[in-house]
Amino acid sequence: MTLLRGDALSAAFDHGSTTYDRLVAASPGYHAHLRRSARRLGLADGGRGLHVLDLGCGTGASTAALLAAAPHARITGIDASAGMLDRAMAKSGLAGVDFVHAPVEELADRLRPASFDAVFAGYLFRNLDDPDRTLDLVRDLLVPDGRLAVHEYTLSGSPVHRAVWNAVCSVIIQPAGRLAGDADLYRHLRDSVVRFDTAPAFAHRLRRAGFADVRVLPLPGWQAGITHTFVGRATAEQGLRP
Ligand SMILES: C[S@@+](CC[C@H](N)C(=O)[O-])C[C@H]1O[C@@H](n2cnc3c(N)ncnc32)[C@H](O)[C@@H]1O
């Protein structure tokens, strides 16, 4: 089945935004795992003096995780869905965050090069048409040695983890999505994960894009072997892609 992309994906998230927070709160470990990935950015001194970008910030779950890890950082969140952003902007705990409504494909037009010390992307990359192009844009936004953490559903490559993902989707996620009136969005969730990079392939993609010290870190619970944190450091060198 065709994956949702561009305006169709944003429209699906606009519609899904009204139940998004309730659905993810019911997923064991969702917020704790985002906080763990945010801590893995290793931001010193609570992020004091640092500027951090939350790519695909949605309703602000990942933004709240960043604030927990780096309460003193200046945070900017960017998302293509106005509906998701409206939810984020309504949260009093995120009042100090700068939110930008734009697709990440327009990062270069919206944000200044080398203006971020760290970038976080929670559940974004498998939604993108051209993840390599976005990684190039991210590298340009980061200061030299700036940190990237990607928190993403990326299957390990083991048939067991793929079977667990498909089972969780069939029995829990897709029925809940259908009840919420968002069958297409949650079918997209299932298929986009199955079709996206495995964890080793995404780590390779980051290295090819010119990120150094790339590490793939596990997360616990039913998401073991299904969701990973990827951390890396922006280098001045070009990536290895032709
Ligand atoms: C699964 S949600 C994750 C939201 C949040 N990061 C979290 O962890 O809960 C994915 C978000 O990525 C956004 N998104 C998808 N494609 C995008 C794009 N090309 N540019 C900007 N945002 C995008 C969607 O609008 C959605 O809010």
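Anything mentioned here points back to the structure above.
Let us look at the structure shown here.

Thresholds, definitions, all that
Residues numbered from 1 in each chain as written. Predicted model: local features only at pLDDT ≥ 70, side-chain atom pairs only at ≥ 80, totals over all residues. Helix = DSSP H or I, 4+ residues; strand = E, 2+ residues; numbered from the N terminus. Rg over C-alpha atoms; globule rule 2.2 N^0.38 Å. Buried ≥ 20, exposed ≤ 12 C-beta atoms within 10 Å, placed from the backbone. Contact = placed C-beta atoms within 7 Å. Pairing = 2+ DSSP bridges. Axes fitted to C-alpha atoms, helices over the stretch in contact; angles between N-to-C directions. Arc of directions from axis to C-beta. Near = placed C-beta within 6 Å. Nonpolar A, V, L, I, M, F, W, Y, C, P; charged D, E, K, R; others polar. Parallel < 35°, antiparallel > 145°, perpendicular 65-115°, else oblique. Left-handed = near helix turned anticlockwise from the far one by under 90°. Core = buried A, V, L, I, M, F, W, Y, C linked by C-beta atoms within 7 Å.

## What about the overall build of the protein chain?
So, point 1. A tally of regular secondary structure across the protein chain gives nine helices and seven strands.
So, point 2. For 242 residues, the compact-globule estimate of 2.2 N^0.38 gives 18 Å, and the C-alpha radius of gyration of the protein chain, at 17 Å, lies within 12% of that figure.
So, point 3. Reported as C-alpha extents along the three principal axes, the dimensions of the protein chain are approximately 45 × 40 × 30 Å.
So, point 4. In the protein chain, which comprises 242 residues, the proportion classed as buried is 43%.
So, point 5. Partitioning the contacts of the protein chain with sequence separation of at least 6, the portion at a separation of at least 24 is 72%.

## Considerations on the sheet that holds strand β3 (residues 98-101)
So, point 1. In spatial order, the strands read β3-β2-β1-β4-β5-β7-β6; together these seven strands make up an open sheet with mixed pairing. Each of the sheet's edge strands pairs with one partner strand only, and the pair in question is β3 and β6 (211-218). Going across the sheet, the axis of each strand differs from the next one's by a mean of 15°, ignoring polarity.
So, point 2. Of the strand pairs in this sheet, β6 and strand β7 (residues 227-234) are connected by six bridges, and their pairing is antiparallel. Bridge pairing links F211 to A234 in β7.

## Focus: helix α9 (residues 199-208)
So, point 1. Within α9, burial applies to A199, F202, A203, R205 and L206. Looking straight down α9, one finds its buried side chains confined to an arc of 155°; they lie on one side.
So, point 2. Immediately downstream of α9, the backbone of G210 shows phi near 100°, a positive value.

## As for the site of the ligand
So, point 1. Looking at the ligand, there are 21 residues lining it, with G56, G58, A61, S81 and G122 nearest.
So, point 2. For the shell around the ligand, the elements supplying multiple residues, two or more each, are α1 (6-25) and α3 (61-69).
So, point 3. Sorting elements by how many residues they give to the shell around the ligand places α1 first, with three residues.
So, point 4. Looking at the shell around the ligand residue by residue, the classes come out as twelve nonpolar, seven polar and two charged.

## What to know about the packing of helix α7 (residues 159-179) against helix α8 (residues 183-195)
So, point 1. Orientation of α7 relative to α8, taken along the N-to-C sense of each, is 165°, at an axis distance of 8 Å. When the axes of α7 and α8 are compared, the pair comes out roughly antiparallel. At the point where α7 passes α8, the crossing takes the right-handed sense. Residues W165, C169, I173, Q174, G177 and R178 of α7 form the contact with α8, whose participating residues are A183, L185, Y186, R187, L189, R190 and V193.
So, point 2. Taken together, the residues that form the contact of α7 with α8 break down as eight nonpolar, two polar and three charged.

## Observations concerning the packing of helix α2 (residues 30-39) against α3
So, point 1. In contact at an axis separation of 8 Å, α2 and α3 are set at 50° when each is read in the N-to-C sense. Taken together, the axis directions place α2 and α3 in an arrangement best described as oblique. Crossing handedness for the pair α2 and α3: right-handed. Across the interface between the two elements, H31, L34, R35, A38 and R39 of α2 pack against A61, S62, A65, L66, A68 and A69 of α3.

## Quick notes on the nonpolar core
So, point 1. Of all hydrophobic cores here, the largest spans 57 residues; its most connected members are V52, L66, V119, F120 and L148.
So, point 2. Residue contributions to this core peak at six residues, all from α3.
So, point 3. L155, W165, Y186 and V193 belong to the second largest nonpolar core, which has six residues in total.

## Re the pairing of strand β4 (residues 116-122)
So, point 1. Summarising burial for β4: seven of the seven residues are buried, a large majority.
So, point 2. Where β4 and strand β5 (residues 142-153) come together, six bridges link them in parallel fashion. By the bridge assignment for β5, V119 is matched with L148.

## Observations regarding the environment of T235
So, point 1. Residue position: T235 is located in the segment after β7.
So, point 2. Residues T235 and A212, spaced 23 residues apart in sequence, show a C-alpha to C-alpha distance of 6.5 Å.
So, point 3. When residues no more than four places from it in sequence are discounted, the contact partners of T235 are G210 and A212.

## Considering the environment of G6
So, point 1. Structurally, G6 is set in helix α1.
So, point 2. Residues G6 and F120, 114 residues apart in the sequence, show an inter-C-alpha distance of 21 Å.

## Points about α2
So, point 1. For α2, every residue scored as buried is listed here: H33, L34, S37 and A38. The arc that holds every buried residue of α2, seen down its axis, measures 140°, which confines them to one face.
So, point 2. Tucked inside the fold, the buried residues of α2 contact α3, β4, β5 and β7.

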